[in-house]
Amino acid sequence: MTLSYVREQMVAPQPAPVRTTGFVGWARQNLFATPFDTVMSVIGIAFLIWAIPPIFNFIVPAPLGHAVPPGGTVEECRAAGAGACWAYISARMSFFIYGFYPPAEYWRPNLVFLLGALLLVPLLWPRVPFKRTNAILFFVVYPIICYYLLNGGVFGMPRVPTEQWGGLLVTLIISLVGIICSMPIGVLLALGRQSKLPIIKTLCVMFIELWRAVPLITILFMASIMLPLFMPQGTTVDKLLRALVGVTLFSSAYLAEVVRGGLQALPRGQYEAASSLGLSYWKSMGLIILPQALKHVIPGIVNSFIALFKDTSLVSIVGIFDLLNTVQAASSDINWSSPTQAVTGYLFAAFVFWIFCFAMSRYSIWMERRLDTGHKR
Amino acid sequence: MSEISETTVDREIDTSQMKVSSTEVAIDIVGMHKWYGDFHVLRDINLRVMKGERIVIAGPSGSGKSTLIRCINRLEEHQQGDIVVNGTELTNDLKRIDEVRREVGMVFQHFNLFPHLTILQNLTLAPIWVRGIPKAEAEATAMHYLERVKIPEQANKYPGQLSGGQQQRVAIARSLCMQPRIMLFDEPTSALDPEMVKEVLEVMISLAEDGMTMLCVTHEMGFARQVANRVIFMDQGQIIEQNDPENFFSNPRHERTKLFLSQILH
């Protein structure tokens, strides 16, 4: 036996065996790899066959399923064996979207929705130019326009007090304002918590720990019931505004902790490299540290945003008519009373919440991939 | 270890250019002490570096070499004694610290490039935001230094797409873009694959030939022999021997130096 060996021919790459690719290969590997896998797969498939048809029948309108399509009558919904009463949803749709906003003024919220979409879509679409102008329009000009449009009292538009705002409009206002305002506050709190200055650090820690340790419901109750007791007589702060502030500060405390996680995940070398180049604290944070830290915690940030979006439904307990509250209120509408009325309403609300949350989730995943510069550690 | 530390560069070095002629002091450290909590890391450091001088700092790990050069641009704070860099004394005054950092470039063991920026953005960031140089001009300078470290074709890639040796050369170019008067190297080749050490050392040698003031913590004894004017040996937070490379390697005087050299040079 000799130890000396020299390879004279390199082995060319060959295609993988057929059994390991294609659908058969996939099923073998993923569904029927072991006897246990096979049993579990069979049980799973059986469950789907048992569960899907009733759900399908309930949701999908006739003739495919048993639901009553938009435009149907209440009698159809009351018939035995009828599925979801979509006719009821379409009949009360404007209430779900605008709440008690006067119907003659619906064009105002509509304009707000339209402007918002026109400004938000290009802002979220990286390839569209003029990001800076777009951002100023969306973050500064748009809120002002919205306020005057919705509130009225100028240019001959009748005033519509916030008590009359409702439905999806209010849900979107609270969540958008909450998301946009809590982000910078959260970042500042996270930086403050890492600060070397003891007073700033203590204040930030106290703020975060206080707001995080109290349930949102408590905060909303305090804001809407307790706060007016402490205010000098005659001064009132709008109920919606109070809820907005409560939701924003609550969410910013959570975001601060998420962002802090990102800051701590960065190697110390990044801070050192930034300072060794002579960058000041704010420049190194803004140019080096935060862009990386925030990118690392996109999943956590979006998680907080989604939680905030869903938590907006809690404002119903202080008497604000958000989407869920309008659905709840409409479910006692006797004109549409039927066995499936309430269930259909909640299904609709769940679906609307799901659409928005799912969109946020997909967008963030897409953004994460886009921002990936191949430095997985 | 021996193969790496004996890396030589097959190029004639013009040593006549490399004599220190300047009488200008670049760095002056007097009676400097530093503690980490109760631990006395640096003890009574006295070191004067002239302009254009190239100093290699060697020593066993934990001897305080890195801490010493990190004190020079205030990545670490010293508690006693004085450090004067280019005539500016380092104190708690942030303005002075920034002043010193602008003039002192630093290259790290782990490169510390900014992974979210392209190579070109890595190079132009500090000139644009710290020196206020217009973008076009900063990019021209950046390309000049990228050519100098022989990787201009990588300008639009991200650090994650480069090899270790290329990343370290980018890191050197990034420091040079600030046109520093002093360069600090903190074990610049220790994290590199053996095959990539040479390309980084070549860049450092060419810098030395240009008369850059350099302080280099390294285990590359071949580099020290070829390039340094002075080798400083540290142990237990103290400078225990310094000499010109010739005498340092052939005639070490302190017992600890002898032991160290016998461990790394076979």
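Computed from a predicted structure; not experimentally measured.

Engineer: Could you clarify how one ought to interpret the overall build of chain B in this entry?
Structural biologist: Tallying secondary structure elements over chain B gives 10 helices and 10 strands in all. Against the compact-globule benchmark of 18 Å for 266 residues, chain B has a radius of gyration of 18 Å, which places it among compact chains. Its C-alpha atoms put chain B at 55 × 45 × 35 Å along the principal axes. Burial analysis of chain B (266 residues in total) assigns 56% to the buried set. Considering only intrachain contacts with a sequence separation of at least 6, the fraction spanning at least 24 residues in chain B is 69%. Counting every atom, chain B has about 11500 Å² of accessible surface; 46% of that belongs to carbon and sulfur.

Engineer: What is the right way to look at the interface of chain B and chain A in this model?
Structural biologist: A common way to state how big an interface is: give the accessible area lost once the parts meet. With 21 residues of chain B in contact, the opposing surface of chain A contributes 20 residues. Of the roughly 1900 Å² buried between chain B and chain A on both sides combined, carbon and sulfur atoms contribute 64%. If you sort the residues of chain B by the area they bury against chain A, B:P115, B:H116 and B:W129 come out on top, with a joint share of 29%. For A:E272, the salt bridge identified is with B:R70, shortest N-O distance 2.5 Å. Linking chain B with chain A are 6 residue pairs in polar contact (both at pLDDT 80 or more). Only α3 (94-103), β6 (104-107) and α4 (119-129) of chain B provide two or more residues apiece to the side of chain B that touches chain A.

Engineer: I'm lost on the packing of aromatic side chains in this one. Help?
Structural biologist: Centre-to-centre distance and the angle between the planes together describe a pair of aromatic rings. Overall, the coordinates contain 23 aromatic pairs over all chains when judged by the stated rule. Note on A:Y147 and A:Y148: the rings are 5.2 Å apart at their centroids and 80 degrees apart in plane angle, and the pair reads as edge-to-face. Taking relative accessible area as the criterion, A:Y148 reaches 39% and is therefore assigned partly exposed. Taking 6.4 Å as the distance between ring centres and 20 degrees as the angle between the ring planes, the aromatic pair formed by A:F351 and A:W354 counts as stacked. Taken together, the positions of A:F351 and A:W354, both in helix α16 (residues 341-371) and 3 residues apart, correspond to about one turn of that helix. Residue A:W354 is classed as partly exposed on the basis of its relative accessible area of 46%. Chaining the aromatic ring pairs together yields one cluster made of A:Y88, A:F95, A:F96, A:F100, A:F321, A:W336 and A:F348. The ring of B:F114 has B:R174 sitting right over it, with the charged end atom 4.5 Å from the ring centre. Here the basic side chain of B:R225 rests over the ring of B:F249, its NZ or CZ set 4.7 Å away from the ring centre.

Engineer: Can you help me understand the sheet that holds strand β4 (residues 80-85) of chain B in this one?
Structural biologist: Whenever strands of a sheet pair, they do so through backbone hydrogen bonds, lying parallel or antiparallel. All names here are of chain B. Here we have 4 strands laid out as an open sheet, ordered β2-β1-β4-β5, and antiparallel in their pairing. For this open sheet the edge positions go to β2 (39-50) and β5 (88-89), each flanked by a neighbour on one side alone. As judged from the 8 bridges shared by strand β1 (residues 25-36) and β2, these two strands associate in the antiparallel manner. Each bridged residue has a counterpart across the sheet, and for Y36 the counterpart in β2 is F39. Helix α2 (residues 65-72) rests against β1, β2 and β4 of the sheet, and its axis sits at about 120 degrees to β1.

Engineer: Looking at this structure, I do not really get helix α6 (residues 164-176) of chain B. What am I missing?
Structural biologist: Taking 1.5 Å as the rise per residue, α6(B) with 13 residues should run 18 Å; its terminal C-alpha atoms sit 18 Å apart, in good agreement. Of all the 13 residues making up α6(B), 13 are buried; the element is thus mostly covered by neighbouring parts of the structure.

Engineer: Any chance you could explain the packing of helix α8 (residues 167-193) of chain A against helix α11 (residues 239-265) of chain A here in plain terms?
Structural biologist: Geometry of a packed helix pair, given as the angle between the helix axes and the separation of the axes. Residue and element names in this part refer to chain A. Look at α8 against α11: their axes get within 6 Å of each other, and the N-to-C directions meet at 45 degrees. The angle between α8 and α11 places the two elements in the oblique class. You can see that α8 and α11 cross each other, and the crossing is right-handed. Within the contact of α8 with α11, the residues separate by chemical class into 20 nonpolar, 6 polar and 3 charged.

Engineer: Mind showing me how you'd approach the environment of B:Q236 here?
Structural biologist: Along the polypeptide, B:Q236 turns up in the loop between β9 (230-235) and β10 (238-243). Discounting residues that sit within four places of it in the chain, B:Q236 has contacts with B:R43 and B:S63.

Engineer: Would you mind going over the sheet that holds β6(B) with me for this structure?
Structural biologist: Residues and elements named next belong to chain B. With mixed pairing, the 6 strands of this open sheet are ordered in space as β6-β7-β8-β3-β9-β10. Lying at the two open borders of the sheet, with one neighbouring strand each, are β6 and β10. Going from strand to strand, the sheet's axes swing by 20 degrees on average, the running direction of each strand aside. Of the strands in this sheet, β6 and β7 (182-186) are in contact with α6, which crosses β6 at around 170 degrees. Packing of helix α10 (residues 255-264) onto the sheet brings it into contact with β3 (54-58), β9 and β10, and relative to β9 it is tilted by some 100 degrees.

Engineer: Help me understand the confidence of the model for chain B, please; the structure alone is not making it clear to me.
Structural biologist: Interpreting fine coordinate detail is not advised for predicted regions of low pLDDT. All names here are of chain B. Mean pLDDT over chain B stands at 88; residues scoring 70 or higher make up 91%. Below pLDDT 50 for its whole length, residues 1-8 participates in 21 contacts with residues either more than four positions away or in separate chains. Model confidence for the complex: the whole-complex pTM is 0.82, and ipTM, which rates the interface, is 0.87.

Engineer: Would you explain a nonpolar patch on the surface in this entry?
Structural biologist: Residue and element names in this part refer to chain A. A contiguous nonpolar surface patch, about 790 Å² in accessible area, is contributed by I136, L137, F139, V140, V141, I144, I145, Y147 and Y148. Structurally, I136 can be placed in helix α7 (residues 131-151). Taking relative accessible area as the criterion, I136 reaches 46% and is therefore assigned partly exposed.

Engineer: Looking at this structure, I do not really get the layout of surface pockets. What am I missing?
Structural biologist: Of the pockets and cavities examined, the second largest pocket occupies roughly 1300 Å³. Lining the second largest pocket are 31 residues; nearest its centre among them are A:K196, A:S275, A:Y281, B:L94 and B:R101. Of all the secondary-structure elements, those providing two or more residues to the lining of the second largest pocket are α8, α11, α12 (268-276) and α13 (281-296) of chain A together with α3 of chain B. The residue inventory of the lining of the second largest pocket, partitioned by class, reads 14 nonpolar, 8 polar and 9 charged.

The rules behind the values
Residues numbered from 1 in each chain as written. Chains lettered and ligands numbered in written order. Predicted model: local features only at pLDDT ≥ 70, side-chain atom pairs only at ≥ 80, totals over all residues. Heavy atoms only, no water. Helix = DSSP H or I, 4+ residues; strand = E, 2+ residues; numbered from the N terminus. Rg over C-alpha atoms; globule rule 2.2 N^0.38 Å. Buried < 20%, exposed > 50% of the residue type's maximum accessible area, 1.4 Å probe, protein only. Contact = heavy atoms within 4.5 Å. Areas by Shrake-Rupley, 256 points an atom, 1.4 Å probe, with all protein chains shown as cover. Buried area = accessible area lost by both parts, 1.4 Å probe. Salt bridge = Lys/Arg side-chain N within 4 Å of Asp/Glu carboxyl O. Polar contact = N/O pair within 3.5 Å; in protein donor to acceptor, adjacent residues only side chain to side chain. Phe/Tyr/Trp six-rings, centres within 6.5 Å; stacked < 30°, edge-to-face > 60°. Lys NZ or Arg CZ within 6 Å of the ring centre and 35° of its normal. Pairing = 2+ DSSP bridges. Axes fitted to C-alpha atoms, helices over the stretch in contact; angles between N-to-C directions. Expected span 1.5 Å × (residues − 1). Parallel < 35°, antiparallel > 145°, perpendicular 65-115°, else oblique. Left-handed = near helix turned anticlockwise from the far one by under 90°. Nonpolar A, V, L, I, M, F, W, Y, C, P; charged D, E, K, R; others polar. pLDDT = per-residue confidence, 0-100. Patch = residues over 30% accessible without salt bridge, like charges linked within 9 Å, V, L, I, M, F, W, Y side chains within 5 Å. 1 Å grid on protein atoms, 1.4 Å probe; cavity = no way out; pocket = protein on both sides within 12 Å on 5 of 7 lines; lining within 4 Å. Points joined across faces, edges and corners; volume = space filled by probe spheres on them.

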